[in-house]
Amino acid sequence: MSAASISLDDLTVTYERRPAVHHISGCFDAGSLTAIVGPNGAGKSTLIKTIAGTLKPAAGRVDRGNLALRNLGYLPQAAEIDRSFPLNVVDTVLMGAWRSIGAFRGVSREQARQAQEALIAVGLEGFEDRSVGSLSSGQFQRVLFARLLMQNASVILLDEPFTAIDARTTQDLLKLIRDWHGQGRTVIAVLHDIEQVRKHFPNTLLMAREAIAWGDTATVLHADNLRRARNMAEYWSDDATACDLNEEQPS
Ligand code: ADP
Ligand code: MG
């Protein structure tokens, strides 16, 4: 796996000139496993989309080195995914390889085998012909992880992969993330469960539009930083719903 780092250089991203991500600089090192944490509206999804190349910076830049976008896997927040389309499980997984399959070429025997292996890896053997609309949210998230396995990307971006997902699926998919990390891929995940971050993610970016702290997880998730993130959020949102940022470090 050729490792790839992602650098942010004074990155600002706006919606109608209002900044959602403000002057963030830093680096996701090649092969690192990083959680992005922050209150609702902190700009986490905006940052992930900008790294994925689907949003353009208003100022500053994202430096992906020589990483091709086909080597970047992106899993959007569940709310942004339409699963009403009539696709079955195995075709959804094969879409992970669409850039190498192409619009008019068929699926090779090798690709069919890889899709099968990916379904086994996520515990969905036998689900090949099920329509994605008929799956539970946990099963559907397993399909999307199988699609990422199929894509074999060197950088993987996950936006709230475990929100509204059952505990068993969360544990199984966390293991895949650990495996990706072990294989030297660069993995960045937006998460809400602070204890999960402390346990499984060596690095954290805590943000509230700006970066509040970025580095070693134990240092970043210090109570003082969490309090700062919460205070900053109060300035820009009256309707921010409570999240695990209220959980402070055990003293
Ligand atoms: P998070 O993922 O941390 O909850 P987002 O990146 O989704 O935060 O949103 C950051 C801010 O940008 C919020 O104030 C949100 O309302 C705003 N925002 C997000 N998407 C859009 C959009 N498409 N158009 C206008 N404003 C948006
Ligand atoms: Mg979001």
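Criteria and cut-off values
- Along each chain, numbering runs from 1 in the same order as the chain's sequence is written.
- Here chains are named by letter from A upward and ligands by number from 1 upward, in the order in which they appear as written.
- Given that the model is predicted, a residue must reach a pLDDT of at least 70 before its local features are reported, and side-chain atom pairs must reach 80 or more before they are shown or counted; all residues, however, enter totals for whole chains, interfaces and linings.
- The basis for every side-chain value is the complete set of heavy atoms in the structure, and neither hydrogens nor water enter the calculation.
- Definition of nonpolar core: a set of buried residues of the types Ala, Val, Leu, Ile, Met, Phe, Trp, Tyr and Cys, connected through side-chain atoms within 4.5 Å.
- Only protein chains enter the accessibility calculation, which uses a 1.4 Å probe. A residue is then buried if its area is under 20% of the maximum for its type, exposed if over 50%, and partly exposed in between.
- Domain start and stop positions are those given by an automatic or database domain assignment.
- Going along the chain from the N terminus, every DSSP run of H or I of four or more residues is numbered as a helix, and every run of E of two or more is numbered as a strand.
- A contact between two residues is defined here by any heavy atoms of the two lying within 4.5 Å.
- Only nitrogen, oxygen and sulfur atoms qualify as donors, provided they sit within 2.8 Å of the metal or within 3.2 Å for Na, K and Ca; with water excluded from the atoms, sites may seem incomplete.
- The axes used here are C-alpha line fits, helices contributing only the stretch in contact, and every angle between their N-to-C directions lies in the interval 0 to 180 degrees.
- Relative orientations are named as follows: roughly parallel for angles under 35 degrees, roughly antiparallel for angles over 145 degrees, roughly perpendicular for angles from 65 to 115 degrees, and oblique for any other angle.
- Two helices that cross are described as forming a left-handed crossing if the nearer one is turned anticlockwise from the farther one by less than a right angle, and a right-handed crossing if clockwise.

> Looking at this structure, I do not really get the nonpolar core. What am I missing?
One recurring pattern in soluble globular proteins is that nonpolar side chains are buried together. Of all hydrophobic cores here, the largest spans 48 residues; its most connected members are Val93, Leu119, Phe145, Leu158, Ile177, Trp180 and Phe201. Two domains each provide a minimum of three residues to this core, namely domain 1 (1–67 + 154–165 + 184–238) and domain 2 (80–153). In this structure, Leu11, Val21, Ile36 and Leu47 belong to the second largest nonpolar core, which totals 22 residues.

> Would you mind going over the environment of leucine 119 with me for this structure?
Assignment of secondary structure puts leucine 119 in helix 4 (residues 109–121). For the pair leucine 119 and alanine 59, spaced 60 residues apart in sequence, the C-alpha separation works out to 41 Å. Not counting chain neighbours up to four residues away, the residues in contact with leucine 119 comprise Val89, Val90, Val93, Leu124, Glu125, Glu128 and Ala146.

> Sorry, what's going on with the coordination of the magnesium ion (ligand 2) here?
In an ideal octahedron of six donors the angles at the metal are 90 or 180 degrees, and in an ideal tetrahedron of four donors they are 109.5 degrees. Listed as protein donors to the magnesium ion (ligand 2) are Ser45 (OG) and Gln77 (OE1); their distances from the metal cover 2.1 to 2.4 Å. Of the two residues, serine 45 is situated in helix 1 (residues 44–52) and glutamine 77 in the loop between strand 5 (72–75) and helix 2 (89–94); the sequence distance between them amounts to 32 residues. Serine 45 sits in the buried class, given a relative accessible area of 16%.

> Please clarify how the packing of helix 4 against helix 5 (residues 137–151) should be interpreted in this entry.
Between two packed helices, both the angle of their axes relative to each other and the distance between the axes serve to describe the pair. Look at helix 4 against helix 5: their axes get within 9 Å of each other, and the N-to-C directions meet at 135 degrees. Put simply, helix 4 runs oblique to helix 5. Both helix 4 and helix 5 take part in a crossing whose hand is right-handed. Packed against helix 4, whose contacting residues are Gln111, Gln114, Ala115, Ala118, Leu119 and Ala121, the element helix 5 presents Ala146, Leu149 and Met150 at the interface.

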